[in-house]
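As a plain string of letters, each chain reads:
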Amino acid sequence: MTEMVKSMKLPIYLDYQATTPMDPRVLEAMLPYYKEYFGNAASRHHPFGLKAKQAVEDARAKIASFINAEDPEEIIFTSGATESNNFAIRGIAEMYREKGNHMITVATEHKSVLSVCQHLEEKGFKVTYLPVDREGLINLCELKTAITGNTILISVMHANNEIGVIQPIAEIGEMAKAAGIFFHCDAVQSAGKIPFDVRAAGIHLASISAHKMYGPKGIGALYVRKQNPRVRLAPLVYGGGQEMNLRGGTLNVPAIVGFGEAVRIAKTEMAEEAKRVLGLRTELHSMICKGLDCVDLHGSLEKRLPGNLNVSFEFIEGELLFKLINQELAVSSGSACSSTSLEPSYVLKALGVRESLIHTSVRFSLGRFTTSEEIDYAANKIVSVVQELREKSPFYKK
Ligand code: PMP
């Protein structure tokens, strides 16, 4: 153990679902676009602009092909998935209001979806928030019955950011198609980790973000289908006509180049990486379960991202647990700290997890640079801290 600690850098990063470190190859690809190729992609009359424009279009084509879009012009660059989610949902609401005022989403979506829906409710829209079962999955029959003549959009994420659970998007796409409704999918957590194919899943709009796939922060994309059917969106930013007149503003060329490189790497390495990460996740889970009893896993184990493990430890206090581990393990907790209180995760609540357990939940998220030494260390650390806390607990009996 001591030898291992010497060769390993602490704290260990196990929070890949919050953000990923940038792959060094991505940074390499970006650097020239900060230095010699600094042109504005909208400057069409000199080589500086043309070089920048070419780089943007190369990245756009790579991203389109990565998610199996038909046409690179279906990719609109944004600042990230929060913006993409806002853009998709508000853009549809504004454009198709005449057609209907009802949308369907899920209780466990990311806040950037839920907050827009709440905003639209204040503007007179009706939103159905589908529940999930204990596994974190929606019920397709419930989705079907929620569809009304007024429904214009279904927004369901591919993989959840807290529990990694993967929703049945192909079935949802089929249902949306049959009902003539648009389907928006937040694919931030899945793109680059597991296959994500907009055409196979019948998706009309999809949000992705570079910093969840080893690219830079502050760059994302919205896929907007152009044909069968053509999706029309209200513009997000009025300006100089960039991004098909939907989002004006000078493009962040280095970030876009980085996004393209991140996608190129994901395309070639994703399958192998997923296998390796799943192996590490399985090892972490089994070491924890070998060392401790009363460990609860949240969300389906089968329909889950390879890199996610979300578990609670009974008979301890979450705050103490985090105090004892957070100098060594960078993980995420099921309680989000607001300035005055510890808010228990609404995602775990939606699964029916009781509040005391939510406070002891830990999200481990593993990725490209996670090593088996780190996993051994993290598992041993968690086991010993939980054992220590339980020894002091009056409620815990072996
Ligand atoms: N959706 C999901 C599922 C996410 O996990 C995140 C990032 N936490 C977002 C949307 C927002 O992405 P961004 O950070 O690019 O704004």
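Residues numbered from 1 in each chain as written. Predicted model: local features only at pLDDT ≥ 70, side-chain atom pairs only at ≥ 80, totals over all residues. Heavy atoms only, no water.

## Re the sheet that holds strand β7 (residues 205-209)
The strand order β2-β8-β7-β6-β5-β3-β4 describes an open sheet built from seven strands, whose pairing is mixed. Each edge of the open sheet is held by one strand with a lone partner, namely β2 (75-78) and β4 (126-130). Averaged over all pairs of adjacent strands, the angle between strand axes in this sheet comes to 20 degrees, irrespective of strand direction. Pairing between strand β3 (residues 102-106) and β4: five bridges, direction parallel. Residue pairing across strands places Met 103 opposite Val 127, the latter belonging to β4. (Pairing = 2+ DSSP bridges. Helix = DSSP H or I, 4+ residues; strand = E, 2+ residues; numbered from the N terminus. Axes fitted to C-alpha atoms, helices over the stretch in contact; angles between N-to-C directions.)

## Side note on the site of the ligand
In the vicinity of the ligand, 14 residues are found, and the nearest of them are Thr 82, Asp 186, Gln 189, Ser 209 and Lys 212. Residue Asp 186 places a side-chain N or O atom 2.6 Å away from a nitrogen atom belonging to the ligand. Lys 212 is positioned with one of its side-chain polar atoms (N or O) 2.8 Å from a nitrogen atom of the ligand. Starting from 400 Å² of accessible surface for the ligand in isolation, the protein chains cover 85%. Counting residues per element, the shell around the ligand draws most heavily on helix α4 (residues 81-95), at three residues. Split into classes, the residues belonging to the shell around the ligand amount to three nonpolar, nine polar and two charged. (Near = heavy atom within 4 Å. Polar contact = N/O pair within 3.5 Å; in protein donor to acceptor, adjacent residues only side chain to side chain. Areas by Shrake-Rupley, 256 points an atom, 1.4 Å probe, with all protein chains shown as cover. Nonpolar A, V, L, I, M, F, W, Y, C, P; charged D, E, K, R; others polar.)

## Comments concerning the domain arrangement of the chain
For the chain, the assigned domains are domain 1 (2-21 + 270-391) and domain 2 (24-265). Between domain 1 and domain 2, the C-alpha centre-to-centre distance is 29 Å. Counting residues at the interface gives 30 residues for domain 1 and 36 residues for domain 2. Of the roughly 2,600 Å² buried at the junction of domain 1 and domain 2 (both faces included), carbon and sulfur atoms supply 53%. In this assembly, domain 1 and domain 2 are joined by zero salt bridges. At the boundary of domain 1 and domain 2, one finds 21 residue pairs in polar contact (both at pLDDT 80 or more). Those elements giving two or more residues to the side of domain 1 that touches domain 2 turn out to be α9 (253-291), β10 (308-313) and α11 (346-350). Per-element tally for the side of domain 1 that touches domain 2: the top contributor is α11, with four residues. Residue composition of the side of domain 1 that touches domain 2, grouped by class: 14 nonpolar, eleven polar and five charged. (Domains from an automatic or database assignment. Contact = heavy atoms within 4.5 Å. Buried area = accessible area lost by both parts, 1.4 Å probe. Salt bridge = Lys/Arg side-chain N within 4 Å of Asp/Glu carboxyl O.)

## What about the sheet that holds β10?
One open sheet holds the four strands; their spatial order is β9-β10-β15-β12, and the pairing between them is antiparallel. Either end of the sheet is taken by a strand with one partner, and the two such strands are β9 (295-297) and β12 (332-333). In this structure, β12 lies alongside strand β15 (residues 361-365), joined through two bridges in antiparallel fashion. Each residue of the ladder has a partner; that of Ser 332, found in β15, is Arg 363. Contacts from α9 reach β9, β10 and β15, with the element oriented near 10 degrees to β10.

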